[in-house]
Amino acid sequence: MLTEITPGADGPFFDIAYATANNITGTPIYGRGACFLHPRAAEAFHRARAAARAIGLDLLVFDAFRPTEAQWKLWQALPDPTFIADPRLGSTHGRGVAVDLTLCSPEGVALDMGTGFDEMTVLSYHAAAVSPEARRNRLLLLGVMAEAGFVHNEFEWWHYNLPDPDQYPLLTDAAAGTHMMP
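Bear in mind the structure is a predicted one, so any value in this text is a computation, not a measurement.

What counts and what doesn't
Residues numbered from 1 in each chain as written. Predicted model: local features only at pLDDT ≥ 70, side-chain atom pairs only at ≥ 80, totals over all residues. Heavy atoms only, no water. Helix = DSSP H or I, 4+ residues; strand = E, 2+ residues; numbered from the N terminus. Rg over C-alpha atoms; globule rule 2.2 N^0.38 Å. Buried < 20%, exposed > 50% of the residue type's maximum accessible area, 1.4 Å probe, protein only. Lys, Arg positive; Asp, Glu negative; His and termini not counted. Charge placed at Lys NZ, Arg CZ, Asp CG, Glu CD. Phe/Tyr/Trp six-rings, centres within 6.5 Å; stacked < 30°, edge-to-face > 60°. Contact = heavy atoms within 4.5 Å. Expected span 1.5 Å × (residues − 1). Arc of directions from axis to C-beta. Salt bridge = Lys/Arg side-chain N within 4 Å of Asp/Glu carboxyl O.

For the chain, the helix and strand inventory stands at four helices and seven strands. Element order for the chain, N to C, with α for helix and β for strand: β-β-β-α-β-α-β-α-β-β-α. Against the 2.2 N^0.38 benchmark of 16 Å for 182 residues, the chain shows a C-alpha radius of gyration of 15 Å, consistent with a compact globule. By principal-axis analysis of the C-alpha atoms, the chain measures approximately 40 × 30 × 30 Å. Counting across all 182 residues of the chain, residues that qualify as buried make up 49%. In the chain, the 12 positive side-chain charges and the 21 negative ones have mean positions that sit 3 Å from each other.

One pass over the full model with this rule turns up seven aromatic pairs. Ring geometry for Phe 62 versus Phe 117: centroids 4.6 Å apart, planes at 20°, classification stacked. Pair noted here: Phe 62 is in strand S4 (residues 58-63) and Phe 117 is in the loop between strand S5 (98-104) and helix H3 (132-148), with a separation of 55 residues, a long-range link. You can call Phe 62 buried: its relative accessible area is 8%. Relative to Phe 155, the ring of Tyr 125 lies with its centre 4.9 Å away and its plane at 65°, an arrangement referred to as edge-to-face. Linking Tyr 125 in the loop between S5 and H3 with Phe 155 in the loop between strand S6 (151-153) and strand S7 (156-161), this pair joins segments that are 30 residues apart in sequence. For Phe 155, a relative accessible area of 26% translates into the label partly exposed. Among the aromatic residues, those joined into a ring-pair cluster are Tyr 18, Tyr 30, Phe 62, Phe 117, Trp 157 and Trp 158.

For Thr 92, the position within the fold is in the loop between helix H2 (68-77) and S5. Other than its neighbours up to four places away in sequence, Thr 92 contacts Val 97, Ala 98, His 159, Asn 161 and Pro 165.

Below, the discussion takes up H3. Helix length check: H3 (17 residues) gives 24 Å between terminal C-alpha atoms against 24 Å at 1.5 Å per residue, within 8%. If you check which residues of H3 are buried, you get Ala 134, Asn 137, Arg 138, Leu 141, Val 144, Met 145 and Ala 148. Projection of H3 onto a plane perpendicular to its axis shows the buried side chains occupying an angular sector of 125°, all on one side. Exposed side chains of H3 directed beyond 90 degrees from the buried face belong to Pro 132, Arg 136 and Glu 147. Packed against the buried residues of H3 are helix H1 (39-54), S5 and S7. After H3 finishes, the residue Gly 149 shows a positive phi value of roughly 110°.

Scanning the model with the defined rule gives six salt bridges in all. The shortest N-O distance in the salt bridge between Asp 63 and Arg 66 comes to 2.8 Å. Exposure class is identical for Asp 63 and Arg 66. Each is buried. When the shortest N-O distance is used, the salt bridge between Arg 95 and Asp 166 registers 3.5 Å.

The structure is reproduced here in structure tokens:
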């Protein structure tokens, strides 16, 4: 049902935050870091990567499919619907149609976006007052992702998803067969 995107020596690059303690919960949520997307989202991801590479950059992925079980853990850590989707309503990640990512150098070094991934503050908003370099980089990412068919989340510069996400079913780890949860 979902397509696995795998990193390679020449990208795309991965830093799956929820497989480490470096996330808002302070503990690993996933038993293993992986990037799974609905086939339509995977096709759009590959288009985005081609667009990034055409301008001398690449993609660094922080998260993609997020099992419903993981969404509950994030919600328990930060029940703020500005940044974390209420798991009772479902998230775009839980449907396999969202990806959290940034642009990076061909060597995998992330570009300056003005904040880190999952910095849950107004500085993470797309329209936030960040440095000119970070603003330029956010706009580059927005262009790459929009060209590929993704839409952005106005509150998180790193979050992109396919349009009309509710047409895709919510998935648990077992239903998706991803074996990401411990």
